[in-house]
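A structural walkthrough
Here's the letter readout for the chains.
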Amino acid sequence: MLHTLSACELRERFINGTHSAQEITSYFLQRIQKYDPQIRAFLEVLENDAMQKAKLLDEKRADKKPLGAFAGVPIAIKDNIHIKGKKTTCGSKILENFIAPFAATCCELLEEQDAIFIGKTNLDEFAMGSSTENSAFFQTKNPWNLACTPGGSSGGSAAAVATRLCPVGLGTDTGGSVRQPAALCGIVGLKPTYGRISRWGIVAYGSSLDQVGTFSTTVEDTALLMETIGKHCSKDSTSINIAPDLHRAELKNFKKNIRIGVPWQFLEGLDKDTENNFKDALKVFESQGAMLCNVDLSILKYSLATYYILAPAEASTNLARYDGIRYGLRSKEAKTLDEVYDYTRDEGFGAEVKRRIMLGTFVLSSGYKDAYYRKAQQVRTKIIDAFKVAFQSCDFVAIPCVPNGAFELGSKKDPLTMYLEDIYTIAANLTGLPAISLPSGFSKDAKPLGLQLIAPELCEKPLLQASYFFQNETKFPEHIPHLFKD
Ligand code: GLN
């Protein structure tokens, strides 16, 4: 029953000799073989590499060499993060055969600490979406309800961890792509402060919003991941140059009399089921001495519109590099240079990516730039300011992570309806603030929901302390989807 263990516990078993790294790895590979055909979390399972690495780790332990913080722990990596020498498809036909020529800094740091990369996970094409349905390859399913989405865009990593096909995973979060799937799959998802984890080796979507995030079933594992990858990196000009916090050692130091700000006005019209779940989650803190206060974040009603101008604008410039010449696919039909661009993009990109490139090009075009792009930047600044004011009267802001439990695959055909899914997660990306989604129980129809806590910048430490407290009080991590218990 190794799948019921956290990453910290698995490492412990490996270090003290209860299990070899090869035993642990083959256990999870077998689980993937057994269950992934139902879930389809993985685009590629790195079976040989993982077993080879495990063998090396067993030798390392036999030789009594020092073992890293992730020794013997399998981890899933979203397929827009580079593992050197492996494919990075971004869930897109345009990069279907692209091999990463270098490693992402976060993967390098994990590797240094002896983690075992077990596979690359499915995602919405170029991380654009909230359901993983925009993957050019296949859909991933929610382990709690196979007719439903696991969320997106990092739905593969979230579903893999929730199904316990591996204890931890990495995703990226540009507008909620770690927190939303974490909530819908009933696990923990953290998006740290912008700049905490290097973006080097992450395929760019919206560069001023993109941040690597973590998936785990316990807050302790989130802390372990942050200790390992939350480090300054000179290759990323936006990487914050401060020493990493040692989170795990201090997880228990939670000061219970915190003040939690709730933007009730912004939350008006919340679904009843979600509201009840949210209020119950807040009571967990209240019963131990926390105080709730109302904060004015009514400006967040503009956050969705702001995001869906800025993110496509940045995407349209970032994706200009896929021209049929420098990366990936080149259309075989093309005869002229213009046709190389046109046909390659037509064949290589899916509908949502095309939509965003066109939208982004439009909002940046002369004549419209001031009306849309510049205006959206101004609103972004106002949202940042509103949070600064809010944090004068509270330690954290709490909001639900998702408007509802997981929706059925294929049920949101209109892109605008899909965009509304992001209403509660986008603010943390526009502001760069750290935010976490914690399992907060289930909706009436037995779908997981998530409590979201947003902290002031660089306050990951108190955020994880509060999260650790919440998880210990609620014990939600012990839930495993019934189909995949054994
Ligand atoms: N759902 C949002 C979008 O489609 C966020 C995606 C993300 O965080 N990568 O853009």
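Up top is the structure these notes are about.
A short tour of the structure in this document, coming up. (Residues numbered from 1 in each chain as written. Predicted model: local features only at pLDDT ≥ 70, side-chain atom pairs only at ≥ 80, totals over all residues. Heavy atoms only, no water.)

**Observations regarding the packing of helix 7 (residues 219-229) against helix 15 (residues 460-474)**
Between two packed helices, what matters for the description is the angle formed by their axes and the separation of those axes. Where helix 7 contacts helix 15, the two axes come as close as 9 Å, and the packing angle between them is 160°. Overall, the two elements helix 7 and helix 15 adopt an arrangement that is roughly antiparallel. For the pair helix 7 and helix 15, the contacting residues are Val219, Thr222, Ala223 and Met226 in the first and Glu460, Leu464, Ser467, Tyr468 and Gln471 in the second. Of the residues assigned to the contact of helix 7 with helix 15, the class counts are five nonpolar, three polar and one charged. (Axes fitted to C-alpha atoms, helices over the stretch in contact; angles between N-to-C directions. Helix = DSSP H or I, 4+ residues; strand = E, 2+ residues; numbered from the N terminus. Parallel < 35°, antiparallel > 145°, perpendicular 65-115°, else oblique. Contact = heavy atoms within 4.5 Å. Nonpolar A, V, L, I, M, F, W, Y, C, P; charged D, E, K, R; others polar.)

**Details of the nonpolar core**
Among the nonpolar cores identified, the biggest contains 104 residues, and Cys106, Leu110, Phe126, Leu170, Phe285 and Phe387 are the most heavily contacted of them. Of the residues forming this core, the biggest block, eight residues, is contributed by helix 9 (residues 303-318). Ignoring sequence-local partners within four residues, the contact set of Phe387 consists of Leu297, Leu300, Val397, Ala427, Thr431, Leu433 and Ile454. Counting 34 residues, the second-largest nonpolar core is a separate cluster that includes Ile39, Ala54, Ala76 and Phe215. (Core = buried A, V, L, I, M, F, W, Y, C linked by side-chain atoms within 4.5 Å. Buried < 20%, exposed > 50% of the residue type's maximum accessible area, 1.4 Å probe, protein only.)

**Description of the pairing of strand 3 (residues 116-121)**
Counting buried positions over the six residues of strand 3 gives six, a clear majority of the element. Pairing of strand 1 (residues 42-45) with strand 3 involves three bridges; the strand directions are antiparallel. The partner of Glu44 across the bridge, within strand 3, is Lys120. Bridge count between strand 2 (residues 74-78) and strand 3: five bridges; the pairing is parallel. If you follow Ile75 over to strand 3, its bridge partner there is Phe117. (Pairing = 2+ DSSP bridges.)

**Description of the site of the ligand**
Near the ligand there are 15 residues, and of these Thr174, Gly175, Ser177, Tyr205 and Tyr307 occur at the shortest range. In this structure, an oxygen atom belonging to the ligand sits 3.3 Å away from a side-chain N or O atom of Tyr308. For the ligand, a nitrogen atom lies 2.9 Å from a polar atom in the side chain of Asp422. Its residues assigned to classes, the shell around the ligand shows five nonpolar, seven polar and three charged. (Near = heavy atom within 4 Å. Polar contact = N/O pair within 3.5 Å; in protein donor to acceptor, adjacent residues only side chain to side chain.)

**Observations concerning the sheet that holds strand 9 (residues 396-400)**
An order of 1-3-2-4-6-5-10-11-9-7-8 is seen for the 11 strands of this open sheet, with the pairing classed as mixed. For this open sheet the edge positions go to strand 1 and strand 8 (291-294), each flanked by a neighbour on one side alone. Taken pair by pair, the neighbouring strands of this sheet meet at an average axis angle of 30°, ignoring direction. As paired strands, strand 9 and strand 11 (residues 448-454) are joined by four bridges and run antiparallel to one another. Residue pairing in the sheet places Ala398 in a bridge with Leu453 of strand 11. Across the sheet, helix 2 (residues 21-39) touches strand 1, strand 2 and strand 3, and the angle it forms with strand 3 is around 20°.

**Looking at the environment of Leu170**
For Leu170, the position within the fold is in strand 4 (residues 168-172). Along the chain, Leu170 and Lys120 lie 50 residues apart, while their C-alpha atoms are 9.7 Å from each other.

**With respect to the packing of aromatic side chains**
Going through the model one piece at a time under the given rule, you end up with 21 aromatic pairs. Consider the rings of Trp144 and Phe442, whose centres lie 5.1 Å apart with planes at 65°: the pair is edge-to-face. Here Trp144 is found in the loop between strand 3 and helix 5 (155-162), whereas its partner Phe442 is found in strand 10 (residues 435-442), with 298 residues between them in sequence. Taken together through their ring pairs, the aromatic side chains of Phe98, Phe126, Tyr322, Tyr327 and Phe349 make up a single cluster. Against the face of Phe138 rests Arg40, its NZ or CZ located 3.8 Å from the ring centre. The positively charged end of Lys412 is found above the aromatic ring belonging to Phe407, 4.7 Å away from the centroid. (Phe/Tyr/Trp six-rings, centres within 6.5 Å; stacked < 30°, edge-to-face > 60°. Lys NZ or Arg CZ within 6 Å of the ring centre and 35° of its normal.)

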